[in-house]
Amino acid sequence: MLNYLFRFALLFLLIPIQTNAQFEITGTVLDDETGEPLPAATIVIENSLKGTITNPEGHFSISVAELPITLLISYIGYERSSITIEDIQPAGITVRLKPSVTELEELVVTDRDPGLTIMEKVIERKKLWRADLQSYQADAYTRQVLQNDTSIVSISESSSVLYWNQNKGHREVQKSVRQTSNLSADQNFAGVRYLPNFYDDNIEIAGYNIVGITHPDALSFYHFSLLEILQMDGVPVYKIEVKPRRELQPTFEGVAYVLGRDYALIDVDLKPNDVVSFPPPVQDFNLSYKQQFSNYGSDFWFPVDMRIEGRIRIGMVGLQFPSIQFSQVSRISDYQVNISLPDSIFQDQTSLTQADTVSAAEAPTNEIPLTEEEKLAYETIDSTKTIEDAFRPEGFLARMVDDSDESEGSGFLSRFGEWMPAGIGIRGRYNRVEGVHLGLNYQKRAADIGLNTKFFSGYSFNTKDWDYGAEVEKRVVQFEDREITALLSYQNSTDTQYSSVVYSTGMNSFVTLLGGDDYFNYFRNEEVSAGLKFTNIIKRVDLEISGNHEVHRSFSAGDEIDFKLFSWQNIRRVNPEIEEGTNRSLSVNIGYNLQDRNFGFAGSRQIKMTAEMSRPEFGSDFDYSSIRMSVDWNFETFYRRRFFANTLDIHLSGGIVESSAPIQKLGVVDGSLSRFTPFSVLKTRAFLPYVGNKYGVISVEHNFRTIPFELLDLNYFVDNGWGIILFGGAGSAELNDNSSFLMMDTDGIHTEAGISLNGIFGILRLDFAKRLDSPGHFIGFSVPRYF
């Protein structure tokens, strides 16, 4: 939990130097009339691109290589001050800034708000100087502070060098780091590489792609209104209100300050709008950003700093974490513009790296002074005050969270596993033919030599059959991310007459045990298989080739068991006999970007194809060929700038099995498993699949997420992450005359459509389906779709 919470906080910070200085100048910037400190006042060394800002208490610190130097101190709404420093004053200097007298500039009064015209000029000016900006290098200092509801939990600081190239993006090298004792240096991620630059066209915030306020199309996304005209150094400063124009798009709101004459941003105080949010278990999410800009006397406007404040609260019924509060302050200066950057910096794809020698003994150079609270935290936080303890949850589920984090837990499952030897697991299932089946699995991995062995054995109490088998996988070739693995297996066990694309026999066991329909039919299969598996034969493509020897035999029809846990039970159907015999075949499986089944929890992009051939020439009693193929693809559709865009998911699968194939080799179109109706199944095909020689299904659904409820102002559903999904499907399965007795074909094309209520309490999805080709409807449930 320690790493999870720490990285979770840093994720939403969106953060996306060591010098030869001999003199450190310190001081305080105050309001000349009230004596109040001026936070984030800018201090720049004259005739340079180096500067810093004051902390929330008005203090600043800046290192210089030689004296004398002249400091320029400025703050919006105040007259700039110029101070020459000839020697170091141990007590620091005090700078008092006088409020400037605002003299209103003449504005032409029209029906159009002047704020729009001002921001148009900002955007046009930006286009001119941004076109000439190719690269830069800068020194940076960053401090990140993590807090809970009561106190500071951790502090991390770094001095670094920032590199930026127009085509290659950012890289950052940490030169020195410091952190509280409860963090290690490798947990110090303080830096500026992911800093939002509010002069950018598009800004990434918490996974949302937000149109910046200086984007060429910004006037289509924002209302800009002139609130006030201030003054700085005799130049007007326009205070512009920023409000979203599009309520369903992620945007910013707040104020921006524009320097007159240059028409350049010099300060922003913005936060993401309410669209930037997250579903449960995130209960509260707030971020705010303040950033200043300066051209340092040049043609380019660069970020001077970044100040971030944020809060995240996570919880659910029975489990509540303390709020995660975080702040970041960064200073960037010493810009070197349009210089040649070392190629080695961009060879490493990692955005943050450390120099070969990183100083951790002293405070990072050119730091922004610590506040009194931060100084106290450094003095009082030791290694025993872990982040895990600081964010320990409360509630009746909290103990379960603690147990799952402990390597040697004291819960029931942990205690049960103490007497089980390593690698051994329990094997169990239940169906209408075998009844209860219990056994053991054993697995042994030897990763150093690429060897994986598995053994299993179990007993079925109704049929009095033993299952047993072994499997060996041995890596024979490895080159970078490519592998060739030899496969060899033997098993004598119960098998299903058709293979579901979606459901496992374990899931079916639960349904059958409760009295629901048994989804599968069964037979006994003794099988020997040998083959080769090629992993990443080309990028993301896997290939498996195997030869198989199988001996198939039937269970006796009519021996189905009727045991159930509760009084209700659907009528147990007869388990049909198969065509017995020896099957010898060659099979080929090829897949692109293969992923584990997730029942529609997340979209996927994968392709899989399987081909099998059995011939009498192989010594087989059967003569058939089959080919099966499935495609899953996910597309973003609307509101693509959101962290969770609207998505369209498509599943397409089908195949052809020659009519001479035995019934245990037919293809399947999945239906609902009792009331469980995950994506890619025909939801109104209740309790059973369709089976056929020629079969296919297409399932399509569009996830509108919370957008419909946002349009209807139904905030309860929006705040709790409930959404709407529209879906439809069509499938067909044709049986040849030899297999028609199964009566599991479609008799035409099965079509359906419906609507889902998604994300109910964060754990459930309800499907309401209507069959279109014939009367019928169905209500089912599944896992919620999140991605």
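Residues numbered from 1 in each chain as written. Predicted model: local features only at pLDDT ≥ 70, side-chain atom pairs only at ≥ 80, totals over all residues. Heavy atoms only, no water.

### Regarding the overall build of the chain
What the chain contains, in helices and strands, is eleven helices and 40 strands. Within the chain, buried positions represent 50% of all 787 residues. Surface exposure of the chain reaches about 37300 Å², of which carbon and sulfur atoms provide 53%. (Helix = DSSP H or I, 4+ residues; strand = E, 2+ residues; numbered from the N terminus. Buried < 20%, exposed > 50% of the residue type's maximum accessible area, 1.4 Å probe, protein only. Areas by Shrake-Rupley, 256 points an atom, 1.4 Å probe, with all protein chains shown as cover.)

### A short note on the sheet that holds strand 7 (residues 93–97)
An order of 4-1-7 is seen for the three strands of this open sheet, with the pairing classed as mixed. In this open sheet, the two edge strands, each paired with only one partner strand, are strand 4 (59–64) and strand 7. This sheet shows a mean twist of 30° between the axes of neighbouring strands, independent of strand direction. Pairing of strand 1 (residues 23–31) with strand 7 involves five bridges; the strand directions are parallel. What sits directly across from Thr28, in strand 7, is Thr94. (Pairing = 2+ DSSP bridges. Axes fitted to C-alpha atoms, helices over the stretch in contact; angles between N-to-C directions.)

### Description of the environment of Asp518
Assignment of secondary structure puts Asp518 in the loop between helix 9 (505–513) and strand 28 (522–538). C-alpha of Asp518 to C-alpha of Val433: the two residues are 85 residues apart in sequence and 9.4 Å apart in space. With residues up to four places along the chain from it excluded, the contact list for Asp518 reads Asn431, Arg432, Asn508, Thr512, Arg572, Arg573 and Leu688. (Contact = heavy atoms within 4.5 Å.)

### Observations concerning the pairing of strand 17 (residues 282–294)
In the sheet, strand 16 (residues 264–272) pairs with strand 17 via four bridges, with the strands oriented antiparallel. Looking across to strand 17, one finds that Leu270 is bridged to Tyr289. Pairing of strand 17 with strand 19 (residues 305–316), which is carried by eight bridges, proceeds in the antiparallel orientation. Counterpart to Asn286 in the pairing with strand 19 is Arg311. Taken together, the two bridges between strand 17 and strand 18 (residues 302–303) define a ladder with antiparallel strand orientation. Bridging across to strand 18, Ser294 finds its partner in Phe302.

### Focus on the packing of aromatic side chains
Scanning the entire structure with this criterion turns up 40 aromatic pairs. Their ring planes at 85° and their centres at 5.5 Å tell us that Tyr716 and Phe717 sit as a pair that is edge-to-face. A residue is classified by how much of its surface remains accessible, and Phe717, at 24% relative accessible area, is partly exposed. Among the aromatic side chains, those forming a connected cluster through ring pairs are Trp129, Tyr136, Trp164, Tyr199, Phe293, Tyr296, Phe300, Phe302 and Tyr335. Sitting over the ring of Tyr639, Arg642 keeps its end group 5.4 Å from the ring centre. When the ring centre of Phe679 is taken as reference, the NZ or CZ atom of Arg785 above it lies at 5.1 Å. (Phe/Tyr/Trp six-rings, centres within 6.5 Å; stacked < 30°, edge-to-face > 60°. Lys NZ or Arg CZ within 6 Å of the ring centre and 35° of its normal.)

### Quick look at the side chain of His215
Turning to its location among the elements, His215 is positioned in the loop between strand 12 (208–211) and helix 3 (218–221). The buried category is assigned to His215, whose relative accessible area is 10%. Polar side-chain contacts of His215 include one of 2.8 Å to the backbone nitrogen of Asp217. Beyond its immediate sequence surroundings of up to four residues, His215 is in contact with Ile123, Lys126, Asp201, Asn202 and Arg641. (Polar contact = N/O pair within 3.5 Å; in protein donor to acceptor, adjacent residues only side chain to side chain.)

### Details of helix 9
Turn by turn, an α-helix covers 3.6 residues, leaving residues three or four places apart pointing in a common direction. Those residues of helix 9 that sit buried are Asn508, Ser509, Val511 and Thr512. In this fold, the buried residues of helix 9 make contact with strand 23 (424–431) and strand 28. Two residues or fewer after helix 9 comes Gly515, characterised by a positive phi angle close to 105°.

### Observations regarding unusual backbone geometry
Leu67 connects to Pro68 through a cis peptide bond whose omega is 0°. Within the secondary structure, Pro68 sits in the loop between strand 4 and strand 5 (69–74). In the Ramachandran plot, Ala206 falls in the positive-phi region, its phi being about 50° despite a non-glycine side chain. Along the polypeptide, Ala206 turns up in the loop between strand 11 (202–205) and strand 12. Judged by relative accessible area, which is 3%, Ala206 ranks as buried. Phi at Lys464 is positive, roughly 60°, even though this residue is not glycine.

### Description of the layout of surface pockets
When its volume is computed, the second largest pocket comes out at roughly 1000 Å³. Every residue lining the second largest pocket is counted, 36 residues in all, and those nearest its centre are Asp274, Val275, Val276, Ser277 and Val718. When residues of the lining of the second largest pocket are traced back to their parent elements, those giving at least two are strand 16, strand 17, helix 10 (707–711) and helix 11 (715–719). A total of six residues in the lining of the second largest pocket trace back to one element, the largest contributor, which is strand 17. Each residue belonging to the lining of the second largest pocket can be placed in one class, and the counts come to 16 nonpolar, nine polar and eleven charged. (1 Å grid on protein atoms, 1.4 Å probe; cavity = no way out; pocket = protein on both sides within 12 Å on 5 of 7 lines; lining within 4 Å. Points joined across faces, edges and corners; volume = space filled by probe spheres on them. Nonpolar A, V, L, I, M, F, W, Y, C, P; charged D, E, K, R; others polar.)

### Details of the environment of Arg597
The residue Arg597 is located in the loop between strand 30 (581–592) and strand 31 (606–614) in this model. Counting along the chain gives 94 residues from Arg597 to Tyr503, while the straight-line C-alpha distance between them is 9.1 Å. Leave out the neighbours within four places in its chain, and Arg597 touches Val501, Val502, Tyr503 and Ser504.

### Side note on the sheet that holds strand 6 (residues 81–85)
Pairing within the open sheet is antiparallel, and its four strands lie in the order 3-2-5-6. Of all the strands in the sheet, the pair left with one neighbour each is strand 3 (51–53) and strand 6. In this sheet, neighbouring strand axes are inclined to one another by 20° on average, regardless of whether the strands run parallel or antiparallel. Pairing between strand 5 and strand 6: five bridges, direction antiparallel. When the sheet's bridge partners are listed, Ile73 is paired in strand 6 with Ser81.

### Focus on the nonpolar core
With 84 residues, the main nonpolar core has Phe198, Ile213, Tyr222, Phe224, Val258 and Leu265 as its most contacted residues. Setting aside chain neighbours within four positions, we find Phe224 in contact with Asp113, Gly115, Leu116, Met119, Ile213, Ala218, Leu219, Ile240, Glu241 and Val242. Tyr498, Phe520, Tyr522 and Phe676 belong to the second-largest nonpolar core, a separate cluster that totals 20 residues. (Core = buried A, V, L, I, M, F, W, Y, C linked by side-chain atoms within 4.5 Å.)

### Remarks on the pattern of salt bridges
By the definition in use, this model includes 31 salt bridges. Arg178 serves as the salt-bridge partner of Glu157, at 2.7 Å between the closest nitrogen and oxygen. Taken together, the positions of Glu157 in strand 9 (residues 152–165) and Arg178 in strand 10 (residues 169–179) put the pair 21 residues apart, joining distant regions of the chain. Judged by its relative accessible area of 0%, Glu157 falls in the buried class. A relative accessible area of 21% means that Arg178 is categorised as partly exposed. Between Asp305 and Arg307 there is a salt bridge, and its shortest N-O distance comes to 3.0 Å. Of the residues examined, Asp305 reaches a relative accessible area of 0% and is grouped as buried. Bridged by salt links that share partners, the residues Asp649, Lys683, Glu701, Arg765, Asp767 and Arg785 form one connected network. (Salt bridge = Lys/Arg side-chain N within 4 Å of Asp/Glu carboxyl O.)

### Some thoughts on the pairing of strand 23
One ladder, built from eight bridges, connects strand 23 with strand 24 (residues 435–446); its direction is antiparallel. Bridge pairing in strand 24 places Ile424 opposite Tyr442. Hairpin connection between strand 23 and strand 24: a loop of three residues separates the two successive antiparallel strands.

### Here we look at a nonpolar patch on the surface
Together, Ile424, Ile426, Leu440, Tyr442 and Phe455 give the surface a local cluster of nonpolar side chains, amounting to about 440 Å² of exposed area. Of all the secondary structure elements, the ones that give two or more residues to the nonpolar patch are strand 23 and strand 24. Among the structural elements, Tyr442 can be located in strand 24. Take Tyr442: its relative accessible area is 30%, and that puts it in the partly exposed class. (Patch = residues over 30% accessible without salt bridge, like charges linked within 9 Å, V, L, I, M, F, W, Y side chains within 5 Å.)

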